[in-house]
Every structure is written in C-alpha cells, then in structure tokens.
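# Remarks on the overall topology
What follows is the residue order along each chain.
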Amino acid sequence: MGATYKMIYLDHAATTAVYPEVIREMTPYLHDYYYNPSSSYKEGRLLHKKLDQIRTVLAGGIHAKPQEIIFTSGGTESDNWVLVNAARSLCGKGRHIITSAIEHHAILHTCHFLENCGFDLTYLPVNREGFVAPAVLEKAIRPDTILISVMYANNEIGTLQPIRELGQIAQKNSILFHTDAVQAYAHVPIDVSSTPIDFLSVSAHKFGGPKGVGFLYAKEGTPLSPLLYGGAQEQGRRAGTENVAGIVGMGCAAQLSLEHMTEYAGQESSLRDHLMHRILSEIPMTRLNGSSQKRLPGNLNVSFYGIDSATLIAMLETKDIYVSGGSACSSADQAPSHVLHSIGLSDEMALGALRITIGHENTMEEINETFENIRSFVQKLRQIS
Ligand SMILES: *Cc1c(COP(=O)(O)O)cnc(C)c1O
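The following paragraphs examine the structure supplied in this document.

Criteria and cut-off values
Residues numbered from 1 in each chain as written. Predicted model: local features only at pLDDT ≥ 70, side-chain atom pairs only at ≥ 80, totals over all residues. Heavy atoms only, no water. Pairing = 2+ DSSP bridges. Helix = DSSP H or I, 4+ residues; strand = E, 2+ residues; numbered from the N terminus. Buried < 20%, exposed > 50% of the residue type's maximum accessible area, 1.4 Å probe, protein only. Contact = heavy atoms within 4.5 Å. Phe/Tyr/Trp six-rings, centres within 6.5 Å; stacked < 30°, edge-to-face > 60°.

## Observations regarding the pairing of strand β4 (residues 120–124)
- In this sheet, β4 lies alongside strand β3 (residues 96–100) in parallel orientation, the contact comprising 5 bridges. Bridge assignment links I97 to a residue of β4, and that residue is L121.

And the structure:
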C-alpha cells in the first residue's frame with residue numbers, strides 16, 4: 001500500500017487521489033475545529049457558516065442556489081434518497097419509475113428493491129454507443145410515471161447522455177427528473193439553470209475529494225422527504241451531525257477541479273485519444289466500447305477479442321499499472337457487465353473489456369508505457385490460447 005513511486009494509476013472512475021491541498025485544508029477541521037456545527041456557541045456557529053460557504057461553492061459549480069445543495073455521505077446515498085423519496089411521496093400519484101439499463105448499481109439495486117415493494121420499473125434500452133434516445137423515453141412515459149432517472153455520464157463507457165433533451169421531456173410531462181452526475185460533476189460543465197433537472201447526485205471522491213461525502217442537488221420547491229430521521233441538520237432534510245472535515249475537503253476539491261476543468265479535460269482527452277488510436281490501430285481484433293464523440297474526457301473502454309480481461313488486468317498489475325474491467329463495484333463477480341451487455345456486446349467481447357480512466361496527473365510517458373505492456377500481454381495471451 002501507498003507505493004506511489006512508479007505506480008501508474010489509470011482507474012480514476014473508481015476513485016481519485018485526494019489533492020494535497022484538500023488534505024491540508026481538512027486537517028484543522030479534524031483537530032482544531034472539532035466542534036459540532038449545531039452548537040450554539042461561537043465555535044459551532046463559525047463551523048455552520050463555513051459549511052454554508054462551501055454550499056455556495058458547490059452550488060456555483062452547477063449554477064444552483066446554495067439552499068438547493070444538501071450534504072450526504074456520497075453518490076450512493078444521494079441516488080437511494082431520490083428514488084425512495086419519489087416512491088414514498090408520490091405513490092398516491094402513481095407507481096411507475098423510468099430509468100436506464102446502464103445505471104450504476106446505486107440506482108439499479110434501489111430500483112430492484114422498489115420493484116419488490118410493488119413499483120413498476122422501466123429500464124430504458126440504450127443504442128450501441130450507450131445513448132438513451134429521447135424518443136424512446138417519450139414512448140415509455142405513462143400517466144402513472146412519477147420519476148425519470150438517467151445518469152449524466154456512464155462510469156464504465158463514459159457515454160454522456162443527452163440530458164437536456166431527456167430533462168425537457170420529463171418537464172413537458174410534469175415528471176420529476178433525476179440524474180446521477182457522480183462521474184460528470186467537475187469533469188464536464190453542468191448547468192441546472194438552463195437544463196431541466198430536479199435532482200442531481202454528486203460524490204467527492206470522484207474529483208479529488210475524500211470518500212464518504214457528497215451532495216444532492218434538489219431544485220427549490222421540489223418535494224423531498226428525509227431518508228434519515230433525527231436532528232434538524234440540513235434544514236431538517238438530512239439528519240446526522242455533518243461530516244465537517246469531509247465537507248471542507250469536498251469544497252476545496254470542487255474549487256480546484258472546477259477552476260481547472262477545461263485544462264484537465266483537454267489533457268485527459270488528448271492522452272485518451274492517443275492511447276485509443278494506438279490500441280485500435282496497432283493491436284488487431286480490438287473494439288472501442290461507447291461513443292467516440294460524446295464521452296467523458298478521461299474514459300477509454302476497449303475490448304480485446306479472445307482475451308479474458310481479468311487475466312490482462314492481473315498481468316498489468318505485475319507492472320504496477322492499475323486499470324479495471326467493468327466497474328470496480330462488479331469486479332468481484334465474473335458476470336459480464338450489464339452496461340456492456342446493454343450496448344450489444346457478446347459475452348466474449350464483454351469479458352475482454354478493459355476500462356482505462358485517465359486523470360489530470362497522468363503523463364504521456366505513463367500512457368505509452370501502459371500501451372507497450374498491453375500490447376505485449378495481449379500478444380502473449382493470444383499465443384497461448
Ligand atoms: C462512484 C459512483 C457512485 C457511487 O458513489 P459513492 O460516493 O462511491 O457512493 C454512483 N454513481 C456513479 C455513476 C458512480 O460512478
């Protein structure tokens with residue numbers, strides 16, 4: 001653990017390294033300012049004010065109002081909250097929820113739970129590049145539809161959905177619209193003032209912040225009942241003493257990531273394109289998964305015909321190169337990823353998929369070294385099979 005000397009980390013969709021500035025900013029909130037932000041004395045009040053300043057920074061990143069930002073424990077909680085809230089508060093209006101087939105498990109497994117509770121779920125199909133077609137969403141809407149949830153950007157293949165069009169369809173039909181923007185926030189521009197979005201989920205550890213903290217954007221006036229009951233924190237919407245140091249870290253990471261968003265996206269996409277072209281042109285029988293245009297800047301997902309990517313990943317690890325197959329969350333099970341299955345890949349091509357997600361600290365030398373290793377390992381594996 002902790003060996004950073006020569007290691008090549010290319011799994012930024014799983015998590016990112018915490019910015020050194022973020023650690024420095026957080027530290028005083030762990031030992032000097034350990035007070036409870038709900039306490040009435042000065043130290044508590046100051047912390048409360050600090051949290052509100054961070055709320056303003058986070059809101060600014062998506063053109064929202066500070067009071068529309070609610071701190072949570074991360075992407076999973078924000079996703080669960082939106083779905084469970086809609087089911088609870090709108091079940092009198094209807095019991096139909098629409099989502100996509102390629103969502104993160106934080107959405108899909110909550111949907112399965114709601115199905116067991118008697119809700120009706122529609123999992124929208126996606127095309128070969130992973131896009132939800134607006135016309136397909138439009139057709140799925142029923143009079144009893146209470147929520148539409150489609151992710152902003154996919155964590156495996158990086159596809160950026162036509163969120164504005166999808167949100168407009170939801171708005172036109174007076175249906176609440178949620179988007180899981182965990183992979184997108186602070187990586188691509190998001191503007192809730194010009195995009196009809198009612199709820200949006202974010203997680204700090206996907207943009208240089210600490211793990212276990214995130215937020216939910218909830219448009220002003222949108223019904224939202226608590227997921228956790230207890231104290232009156234977060235205007236009575238989310239109980240529990242705030243993760244002060246974590247929130248401070250998230251605010252600092254957001255500031256840094258938003259400030260450098262265009263620059264980092266440019267760097268990451270040029271390294272990604274370089275690696276993509278080398279893999280597709282120099283290694284035979286390979287295929288790009290996802291869109292070649294509308295995808296997250298640092299995301300590359302390629303399949304190697306006839307290769308078991310679990311073996312390839314293990315071989316790369318011996319060279320201190322860290323990549324993944326499907327998502328980190330599904331690496332324990334050997335079943336092909338639901339995302340790759342949904343874009344029409346055969347089991348064989350899905351099991352041969354490698355996800356390489358590049359961050360702003362990666363270099364051209366690292367990318368070329370990674371390519372050379374992939375090429376020689378793929379060649380080796382194909383020779384023995
Ligand atoms: C990582 C991730 C989540 C889960 O966020 P956590 O903060 O790790 O709970 C949800 N959705 C997507 C798209 C993700 O990439």
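## Description of the environment of E369
- In this fold, E369 is placed in helix α13 (residues 364–384).
- Classification of E369 as partly exposed rests on a relative accessible area of 34%.
- Sequence separation between E369 and I321 is 48 residues; the distance between their C-alpha atoms is 9.2 Å.
- When sequence neighbours within four positions are dropped, the list of residues in contact with E369 reads K6, I8 and I321.

## Points about the environment of I157
- Within the fold, I157 resides in the loop between β5 (145–149) and α7 (163–172).
- A sequence separation of 55 residues divides I157 from I102, and the C-alpha atoms of the two residues are 9.7 Å apart.

## Brief notes about the packing of aromatic side chains
- Per the counting criterion, the structure on display carries 4 aromatic pairs.
- Here the aromatic rings of Y29 and Y33 are separated by 5.1 Å at their centres, their planes lie at 55°, and the arrangement is tilted.
- What makes Y33 partly exposed here is its relative accessible area of 39%.
- Between Y34 and Y35, the aromatic rings sit 4.5 Å apart at their centres with planes inclined by 35°, giving tilted as the arrangement.
- On the accessibility criterion, Y34 (57% relative accessible area) is exposed.
- The exposure class assigned to Y35 is partly exposed, which follows from its relative accessible area of 24%.

Keep in mind these values describe shape, not function.
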